[in-house]
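Architecture and fold: a report
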Protein chains: 2
Amino acid sequence: MRGAVLHGARDVRFEKLDAPRIKEPTDAILRLSASCICGSDLWPYRGIQPTTAPRAMGHEYCGIVEEVGRGVTSVRPGQFVIGSFFASDNTCPHCKAGYQTSCEHSQPVGGAQAPMLRVPLADGTLVATREVPSAELIPSMLAASDVLGTGWFAADAANVKPGTTVVVVGDGAVGLLGVLAAKQLGAERIIVMSRHEPRQKLAREFGATDIVTEREDEGIARIQELTKGIGADAVLECVGTSESMTQAIGCARPGGYVSYVGVPHGVKLDAQKLFFTHVHLHGGPAPVRRYLPRLIELVEKGSIEPGKVFDLTLPLDKVAEGYRAMDERRAIKTLLRV
Amino acid sequence: MRGAVLHGARDVRFEKLDAPRIKEPTDAILRLSASCICGSDLWPYRGIQPTTAPRAMGHEYCGIVEEVGRGVTSVRPGQFVIGSFFASDNTCPHCKAGYQTSCEHSQPVGGAQAPMLRVPLADGTLVATREVPSAELIPSMLAASDVLGTGWFAADAANVKPGTTVVVVGDGAVGLLGVLAAKQLGAERIIVMSRHEPRQKLAREFGATDIVTEREDEGIARIQELTKGIGADAVLECVGTSESMTQAIGCARPGGYVSYVGVPHGVKLDAQKLFFTHVHLHGGPAPVRRYLPRLIELVEKGSIEPGKVFDLTLPLDKVAEGYRAMDERRAIKTLLRV
């Protein structure tokens, strides 16, 4: 088979790879229905995170179980399944507390920009749908694997509840699905900080009530104005830079909640400044597994359509163009037809 | 009258001060029943926080209302009252949300190491007891003004609930009353990090179940051992240094809660490291006013005796010795007889 391999900054190649095989009795092999490119893939793609050896890319996936190891009991060949970017046993104390991405036995899942994928700890990691979904549901099912689950965690970690005033910092796919999640969780007002017209439009479709185009201090001042000088109850930081974090904290009311779900790059927080803001801070690699059953159900019922974040669809062999389009912000998120 | 004035590092003088007078119609003047020295007073005393001009010290107080401004309606002369170190209107959105130390009109209260004190925003700030308490209750009432309220906020901000496993970092008066608060909030296990025998003893009286004398990485390893490799549900950081913050975060389980209630001095948090710990972080200047009615009730009923943290009592004119004793850790906390 052939899949995407990153060799260095801006050097993604579609090349021959060994087909995955069962290595552990707890593994499953999936035949993927679709794959995609993550905003976090852009960190190594742009060279901000160095690539020291060629690396098979991709960690978002859904598809049909092809084969399972002899220890797997909860999924079987022929089922359609979705999993998260971290395999987890779903039985350890951290998993039971809902932090599957901190599972005692967690393993990263990699190489999903390919036709076939090995998923470790299949019983704990994979969730099967009731039936094989129709083609039009595939993008939304795929979104549940990471970007929707991450946006959902952002909203949940920021304590979004009925009536909440929410600010979303970041108009990438995660931020946009943070909007969708906030809407589902009952937010009354959802303010999105965005300067990009197509993203603003999608944000509004997902439930945004206000768009703020100003940034940094001006952006904070605008949020204060919109919230009558109080600040937002909940702020979802969906970027991972110092600027976005400072902006997020500055938009929250005293005692408000700031979540952060993008891996922070070079962000140092001055604890004394943070102290006097009185904000709650919570984030980390999203425990998507916690939310998967609920997200799958919402997609199956047609209550949400997170697949709309894919505004570019390419065949898998054009994966390099998919990276370029996202890097240049021509695409919000690229779906790869396998 | 005479009171404590800080002139520079380790230079506290008991000297003549103008007696406070009503300046605003919302002010009250109190005749103090007792005063004390706060751990946070040691930052400027030690010169870590510079003193640029002589400053009347003290911000913990309880006493009898002597006089009120014409706008004050909720307290009257003759009542025994307790307030917090920040005056607050208790009506603005931040106060209503329980963050009175972020009140839109907050003002610091200062000069309480003296016989008389002016308290601004008296209606919002002061809470009257049902009757004038007996002499033996005064230390516990005084503790409610700051150190107990701060320890209580530490436990609340760390989400301490029935059954929680708690770690307290810091065996100062705030940490010790964090133990008392955690016990009251139903914690099952309370582990205190302390190397000082008298403080360990008081911690046990307040409800500590375990004492850990190791620090930094060894301390974290010991907590992991005591919690079967899981980490603590709640960690109360009651110091405010880089070492204590790092230790606190390292003791928490993934998804656990870390509160911090001492003003952080020179603490920079690496957001990426914090991200992968999955902890919740919340703190700030304790909104003691939120808890005062409950704390006063607990003291009145004799359910708690937070006044035990005062292990040195001096007449007010010996205030400089009170500072020295705390600076040299000969005393946990000094009560000043007014």
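For clarity, every value in this text was computed on a predicted model and none was experimentally measured.

Our focus in this paragraph is the pattern of salt bridges. Using the criterion set out here, one finds 40 salt bridges over all chains in the structure. With its nearest N and O atoms 3.0 Å apart, the salt bridge here joins B:Lys333 to B:Glu60. A residue pair is termed long-range when its members are at least 10 positions apart, and B:Lys333 in the loop between α12 (319–327) and β19 (334–337) and B:Glu60 in the loop between β4 (55–56) and β5 (62–68) qualify at 273 residues. An identical accessibility class is assigned to B:Lys333 and B:Glu60; each is buried. Within the structure, one salt-bridge network assembled from shared partners comprises A:Glu321, A:Arg324, A:Glu328 and A:Arg330.

Residues and elements named next belong to chain A. Among all positions in helix α7 (residues 197–206), only Arg199, Gln200, Leu202, Ala203 and Phe206 are buried. For α7, the angular spread of the buried residues around the axis is 165°, confining them to a single face. α7 presents Glu197, Pro198 and Lys201 as exposed residues on the side facing more than 90 degrees away from its buried surface. The secondary structure elements touched by the buried residues of α7 are α6 (173–184), β12 (189–193) and β13 (210–212). Downstream of α7 by one or two residues, Gly207 has phi in the positive range, about 130°.

Residue and element names in this part refer to chain A. Under the domain assignment, chain A is made up of domain 1 (2–146 + 287–337) and domain 2 (149–283). When each unit is reduced to the centre of its C-alpha atoms, the spacing between domain 1 and domain 2 is 26 Å. Every contact between the two is made by 25 residues of domain 1 and, on the other side, 23 residues of domain 2. Between domain 1 and domain 2 the total buried area reaches about 1900 Å² when both faces are included, carbon and sulfur atoms providing 63% of it. Where domain 1 packs against domain 2, one counts 3 salt bridges. Salt-bridge contacts for Arg290 lead to Asp156; the nearest nitrogen and oxygen are separated by 3.3 Å. Counting across the interface, domain 1 meets domain 2 through 9 residue pairs in polar contact (both at pLDDT 80 or more). Its residues assigned to classes, the side of domain 1 that touches domain 2 comprises 16 nonpolar, 2 polar and 7 charged.

Ordered by their spatial adjacency, 12 strands build an open sheet running β13(A)-β12(A)-β11(A)-β14(A)-β15(A)-β17(A)-β17(B)-β15(B)-β14(B)-β11(B)-β12(B)-β13(B), and the pairing between neighbours is mixed. Unpaired on one side and paired on the other, β13 of chain A together with β13 (210–212) of chain B mark the two borders of the sheet. Each strand axis lies, on average, 20° off the axis of its neighbour in the sheet, ignoring direction. In terms of strand pairing, strand β11 (residues 165–169) of chain B meets strand β12 (residues 189–193) of chain B through 5 bridges, oriented parallel. Its bridge partner being in β12(B), B:Val168 is matched across the sheet by B:Val192. Across the sheet, α6(A) lies against β11 (165–169), β12 and β14 (232–237) of chain A, angled at about 175° from β12(A), the strand it touches most.

Here the focus is the pairing of β12(A). Looking along a regular strand, one sees the side chains alternate between the two faces of the sheet. All names here are of chain A. Where burial is concerned, most of β12 is hidden: 4 out of the 5 residues are buried. Since β11 and β12 lie parallel, the crossover through α6 that links them has a hand, and here it is right-handed. Direction of pairing for β12 relative to β13: parallel, over a ladder of 3 bridges. Considered in β13, the bridge of Val192 is made with Ile211. Handedness of the β-α-β unit built from β12, α7 and β13 comes out right-handed.

This paragraph deals with the relation of the copies chain B and chain A. In the superposition of chain B on chain A (RMSD 0.0 Å, axial shift 0.0 Å), the rotation amounts to 180°. Taken together, the rotation and translation relating the two chain copies correspond to the operation of a two-fold axis. Here 100% of the contact residues of chain B are again contact residues in chain A; the copies associate through an equivalent surface.

Moving on, we come to the nonpolar core. Among the nonpolar cores identified, the biggest contains 59 residues, and A:Leu148, A:Trp152, A:Val160, A:Val166 and A:Leu236 are the most heavily contacted of them. The leading source of residues in this core is α6(A), at 8 residues. Looking at this core, you find at least three residues from each of domain 1 (2–146 + 287–337) and domain 2 (149–283) of chain A. Dropping the residues within four chain positions of it, A:Trp152 is found in contact with A:Leu180, A:Ala181, A:Gln184, A:Leu185, A:Tyr291, A:Arg294, A:Leu295 and A:Leu298. Of all hydrophobic cores here, the second largest spans 58 residues; its members include B:Phe153, B:Val168, B:Ala203 and B:Ile296.

Rules used throughout
Residues numbered from 1 in each chain as written. Chains lettered and ligands numbered in written order. Predicted model: local features only at pLDDT ≥ 70, side-chain atom pairs only at ≥ 80, totals over all residues. Heavy atoms only, no water. Salt bridge = Lys/Arg side-chain N within 4 Å of Asp/Glu carboxyl O. Helix = DSSP H or I, 4+ residues; strand = E, 2+ residues; numbered from the N terminus. Buried < 20%, exposed > 50% of the residue type's maximum accessible area, 1.4 Å probe, protein only. Arc of directions from axis to C-beta. Contact = heavy atoms within 4.5 Å. Domains from an automatic or database assignment. Buried area = accessible area lost by both parts, 1.4 Å probe. Polar contact = N/O pair within 3.5 Å; in protein donor to acceptor, adjacent residues only side chain to side chain. Nonpolar A, V, L, I, M, F, W, Y, C, P; charged D, E, K, R; others polar. Pairing = 2+ DSSP bridges. Axes fitted to C-alpha atoms, helices over the stretch in contact; angles between N-to-C directions. Right-handed = clockwise from strand over helix to strand, strands pointing away. Least-squares fit on C-alpha atoms with pLDDT ≥ 70 in both. Core = buried A, V, L, I, M, F, W, Y, C linked by side-chain atoms within 4.5 Å.

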